[in-house]
Amino acid sequence: MDTTIENMINSIDLSAPVPEYEPMRQYYYLKACRKIVKEKSEALNRPLTAVVSTFGCQMNARDSEKLLGILKDIGYQESDDEENADFVIYNTCTVRENANLRVYGRLGQLKKVKRANGEMIIAMCGCMMQEPEVVEKIKTSYKFVDIVFGTFNIFKLAELMYMCFTGDEQVIDIWDSTKEVVEELPTSRKYPFKSGVNIMFGCNNFCTYCIVPYVRGREKSREPKEIIREIERLVSDGVKEVMLLGQNVNSYGKTLDDKLLREIAKIDGLERIRFMTPHPKDLSDELIEAIRDNSKICNHIHLPLQSGSSRLLKLMNRQYTKEHYLELVDKIRNTIPDISITTDIIVGFPGETEEDFEDTLDVVRKAKYDSAYTFIYSKRTGTPAAKMDGQVSEDIVKDRFNRLLATVSEVSHEHIKRYEGMDMDVLVEDIDDHDNTFVTGRMTNNILVHFKGDKELIGSIVNVHLDECKGFYYMGTKND
């Protein structure tokens, strides 16, 4: 816990009126909830446990770290056992409709659990909750859910929990938008040595297949000094790598300010800077040059393509063409020859023809991606694409998807092999899932490396000889 935040919480007088302004208002409720949770724990003669279940993107993962930080601060212990937890919160995603169905399925299971444990508190937050029909469904069909809030007021968890503790009605607090950004609250990071940092929120692009602008709102950027101050605090707490996060991160201040990147790179103790996710239409020459000029900025750009067909890109409202995208890739590679480029690709967008799909395969071959996240188009109610004619049949989509995977695999494997036999620095992240005598980590270009090592290496940057490329990752040997 940040000592400044802890001192502020301790200074709160619970007998005084509730502060009107943030974050002091939340500090009041943090302290009030601590008292309640302590009393509940003493009555049960055991600690209370909480599960934070995250659906969706890295923005949601970062939000969940904040939610867990608040829960730990008020006295809950983290658990992964939903059925026996005292508090369960689902941080939801609504990019695809099947994500909503998964959440409803999980809620149905929790209903039975809560029937046996009336003291369990269930909360729902995130993008799903920004849809009025979802909130109405929870109010009518899932009355056992105790707390419902959205994407704009994540920071209010302690206040909403206090309302739940002291009242007997379902607590629902959904905001349509906000100009308020409250970041000075407890956070529980998944990794002590790396962290996401929100630099902006929302999206103004309105791609025709995407629900995000409707549930995350319009773009708003944080003040540079706030971002710098947060990263400085993280570094003083042992963080070596930060990921700058936003729905369209290089729209920060309209474009991701290369000056901001250069200022972040000056922070002593910070060793790596990543950012997710840029939009091809906004990637400036200055930003590309900033990556080239600063060794701390990782030489990896995730540049979503979505489709290689200029016709489909127009229907998607992506605001660039196949030719512009390939020119941008060439510019990036000419400026930073060793750059790693990854992408997102959708197969089966309404109206996609075989010629359109071949254009996508052509871009994959020419762009030489190190990897690609590939998706079958999923009709999303509430988006313009859901009403478009020409929905592609399932068998054609599956055939194209398999062909895309084969092409990405072939191209990526051949391109990634360029590092074989080289010595590279690797930030060790964890013990290998398949062999506990190995550790796994990432090079600056985001490619995974597995090599012999123990848990003492986790969080450190180690020089590794890359012995063999195994497709999308390397097997290596630690240099002495």
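Further up the page is the structure itself.
Overview of the structure. (Residues numbered from 1 in each chain as written. Predicted model: local features only at pLDDT ≥ 70, side-chain atom pairs only at ≥ 80, totals over all residues. Heavy atoms only, no water.)

Scanning the protein for helices and strands turns up 14 helices and 19 strands. By the compact-globule yardstick of 23 Å for 480 residues, the protein fits well, its C-alpha radius of gyration being 24 Å. On the principal axes, the C-alpha backbone points of the protein span a range of 65 × 60 × 45 Å. Counting every position in the protein, which comprises 480 residues, the buried fraction comes to 55%. Accessible area of the protein: about 21700 Å², with a carbon and sulfur share of 48%. (Helix = DSSP H or I, 4+ residues; strand = E, 2+ residues; numbered from the N terminus. Rg over C-alpha atoms; globule rule 2.2 N^0.38 Å. Buried < 20%, exposed > 50% of the residue type's maximum accessible area, 1.4 Å probe, protein only. Areas by Shrake-Rupley, 256 points an atom, 1.4 Å probe, with all protein chains shown as cover.)

All right, on to the sheet that holds strand β10 (residues 241–245) then. Spatially, three strands are ordered β7-β10-β11 in an open sheet, and the strand pairing comes out parallel. At either end of the open sheet lies a strand with only one pairing partner, and these are β7 (194–198) and β11 (272–276). Strand-to-strand twist in this sheet, taken as the mean axis angle between neighbours without regard to direction, amounts to 25°. As judged from the five bridges shared by β10 and β11, these two strands associate in the parallel manner. If you follow Glu241 over to β11, its bridge partner there is Arg272. Strand contacts of helix α8 (residues 224–236): β7 and β10, with the helix running at about 165° to β7, the strand carrying the most contacts. (Pairing = 2+ DSSP bridges. Axes fitted to C-alpha atoms, helices over the stretch in contact; angles between N-to-C directions. Contact = heavy atoms within 4.5 Å.)

Considering the arrangement of structural elements, one finds Thr407 in helix α14 (residues 394–416). You can call Thr407 buried: its relative accessible area is 9%. Those residues in contact with Thr407 that sit more than four places away from it in its chain are Leu361, Val364 and Arg365.

With that out of the way, let us pick up the pairing of strand β15 (residues 423–431). Here β15 runs beside strand β18 (residues 461–469); their pairing, made up of five bridges, is antiparallel. Residue pairing for β18: Asp423 is matched across the bridge by His465. Two elements, β15 and strand β16 (residues 438–442), share four bridges in a ladder whose sense is antiparallel. For Ile431, the partnering residue across the bridge sits in β16 and is Val439. Where β15 folds back on β16, the antiparallel hairpin that results is connected by six residues.

In this structure, Ile231, Leu244 and Ile264 are the most contacted members of the largest nonpolar core, which totals 63 residues. The next biggest cluster of nonpolar side chains, apart from the first, holds 37 residues, and it includes Ile121, Ile147, Phe165 and Trp175. (Core = buried A, V, L, I, M, F, W, Y, C linked by side-chain atoms within 4.5 Å.)

It is worth spelling out the pairing of β10 at this point. Working note: regular strand, side chains alternate between the two faces of the sheet. β10 sits mainly inside the fold: five of its five residues count as buried. Both faces of β10 are covered, namely the face carrying Glu241, Met243 and Leu245 and the face carrying Val242 and Leu244. The sheet contact formed by β7 and β10 spans five bridges and is parallel. Paired with Val197 across the strands is Leu244, a residue of β10.

What follows covers helix α9 (residues 258–265). Within the sequence span of α9, burial applies to Asp258, Leu260, Leu261, Ile264 and Ala265. Looking down the long axis of α9, one finds its buried residues gathered within 160° of arc, a one-sided arrangement. On its buried face, α9 sits against α8, β10, β11 and α10 (285–293). (Arc of directions from axis to C-beta.)

Going through the model one piece at a time under the given rule, you end up with 41 salt bridges. Between Lys66 and Asp63 there is a salt bridge, with its nearest N and O atoms 3.9 Å apart. Within this pair, Lys66 and its partner Asp63 are both found in helix α3 (residues 58–73), separated by three residues, close to a single helical turn. For Asp63, a relative accessible area of 6% corresponds to the buried category. Between Arg222 and Glu226 there is a salt bridge whose closest N-O contact spans 3.9 Å. When salt bridges with common partners are traced through the structure, they connect Glu352, Glu354, Glu358, Asp399, Arg400 and Arg403 into a single cluster. (Salt bridge = Lys/Arg side-chain N within 4 Å of Asp/Glu carboxyl O.)

A word on unusual backbone geometry. Residue Pro23 is reached from Glu22 by a cis peptide bond, and omega for that bond is 0°. Summarising the element assignment, Pro23 is placed in the loop between α1 (3–10) and α2 (24–44). For Phe206, which is not glycine, the phi dihedral falls at a positive 50°. Here Phe206 is to be found in the loop between β8 (200–201) and α7 (212–216).

Here helix α13 (residues 354–367) contains 14 residues, and its C-alpha end-to-end distance of 20 Å stays within 8% of the 20 Å for a straight helix at 1.5 Å per residue. Among the residues of α13, Asp356, Phe357, Thr360, Leu361, Asp362, Val363, Val364 and Ala367 are the ones counted as buried. Buried positions along α13 lie against α11 (310–315), α12 (322–335), β13 (340–347) and α14. Among the residues trailing α13, Lys368 stands out with phi positive, at a value near 55°. (Expected span 1.5 Å × (residues − 1).)

Moving on: the sheet that holds strand β12 (residues 300–302). Taken in spatial order, the three strands make up an open sheet running β12-β13-β14, and their pairing is parallel. The sheet terminates laterally at β12 and β14 (371–376), the two strands that pair on one side only. The sheet shows a mean angle of 10° between the axes of neighbouring strands, direction not considered. As paired strands, β12 and β13 are joined by three bridges and run parallel to one another. Residue pairing in the sheet places His302 in a bridge with Thr342 of β13. Contacts from α14 reach β13 and β14, with the element oriented near 175° to β14.

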